[in-house]
Amino acid sequence: MLESIIRFLQYLNVERNYSELTIKSYREDLEALSEYMFDLFGGRIPDAAEITAVQLRGYAAAMQEAGYAKSTVSRRLASLRSFFRFGLRDGFVSENPARAIHNPTNVRRKLPFFLSTEEVGKLLTAPPGNDPFGIRDRAILEVMYSAGLRISELTGINFGDLDLPSGIIRIRGKGRKERLGLIGSFANKALRHWFPYRKELLEGRMDSLGRELPAARQTKAGAKNAKTAPADLPIFLNKFGGRITVRSVARMLEKYLQETGLDKRTTPHTLRHSFATHLLNEGADIRSVQELLGHASLSTTQIYTHVGTAILKSAYDKAHPRAK
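A brief structural summary. (Residues numbered from 1 in each chain as written. Predicted model: local features only at pLDDT ≥ 70, side-chain atom pairs only at ≥ 80, totals over all residues. Heavy atoms only, no water.)

Examining the side chain of Glu153
Now for step 1: Along the chain, Glu153 turns up in helix H7 (residues 151–155).
Now for step 2: Glu153 sits in the buried class, given a relative accessible area of 3%.
Now for step 3: Of note is the side chain of Glu153, whose polar atom sits 2.4 Å from the side chain of Arg150.
Now for step 4: At 2.9 Å, the side chain of Glu153 forms a polar contact with the side chain of Arg179.
Now for step 5: Contact partners of Glu153, with chain neighbours within four places excluded, come to Ile171, Arg172, Gly173, Lys174, Arg179 and Arg272. (Helix = DSSP H or I, 4+ residues; strand = E, 2+ residues; numbered from the N terminus. Buried < 20%, exposed > 50% of the residue type's maximum accessible area, 1.4 Å probe, protein only. Polar contact = N/O pair within 3.5 Å; in protein donor to acceptor, adjacent residues only side chain to side chain. Contact = heavy atoms within 4.5 Å.)

Given below as structure tokens:
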């Protein structure tokens, strides 16, 4: 079974182009199943083909008896269904034992946490404007909020994906799906401010602290980056001139959260939640927001309408004399 799990995770990475965090979640879900089956099979992990629907029902029941949230149980079962569907395709199972396993009933979706427009403004203006990497950080935050990007989508943007005059950006989402995002005037200005420093870093004319390098040290980095077509080079670079990573963006955000004192629940995904919530609260069409977010199902986008309803209810409860 462990070999089958490795093949499945490679499939998610290579063919489905899933993010590192998504693949990590699948791996953890399948490792939890392996541990359960290890005990069930008396100290050995069975082949995937040995696992039956009855055993998976027992696994789902065991999770609920252990007090796992219904949303966690549902996510793990969804991972198992995907794994065994891949098994049918790959040939290591002859049937999908997870197909008939139903999710727990009455699974309530947790409303996403988001920032107010004032809090978003405070975060976006936190990076210093007199430092090259502060200018880069401002551009990163502006683009994430402007286009409602996942963090993996942001780090994957190349120069050729950007059409600044039109305010359009090509985004590679989950499962290699592409969509078009919109870049507002603030994000557009932040990117134009960053580009001269990006060019200096790519050409080896700027060091990791943002200082201009002597001419004698400018050739190596410039020659290295000259081998790659400009359109395929990343928009956002780390201090060494390479593509910035998901973890680096998360660390950068943590730094500005400490400086601004904003809610510690804020994550890179919070900007995406805030993007959708603010659009819908200002009257944007839900299907347009669905398209901008890259959601395959409208029901996924509808969670943000519940956020708006919750805000209205909170205001009503506070203001109406007979609300409570």
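Back to the text.
Description of the packing of aromatic side chains
Now for step 1: Tallied over the full model, the rule gives 11 aromatic pairs.
Now for step 2: Aromatic side chains Phe8 and Tyr26 sit 5.7 Å apart centroid to centroid with 75° between the ring planes, which places their arrangement in the edge-to-face category. Note that Phe8 is positioned in helix H1 (residues 2–14) and Tyr26 in helix H2 (residues 20–40), a separation of 18 residues in sequence.
Now for step 3: Look at Tyr26 and you get buried, because its relative accessible area is 15%.
Now for step 4: Relative to Phe92, the ring of Phe83 lies with its centre 5.4 Å away and its plane at 35°, an arrangement referred to as tilted.
Now for step 5: Residue class for Phe92 comes out buried when judged on its relative accessible area of 13%.
Now for step 6: Three or more aromatic residues joined by ring pairs make a cluster, and in this case those are Phe8, Tyr11, Tyr18, Tyr26, Phe83, Phe84, Phe86 and Phe92. (Phe/Tyr/Trp six-rings, centres within 6.5 Å; stacked < 30°, edge-to-face > 60°.)

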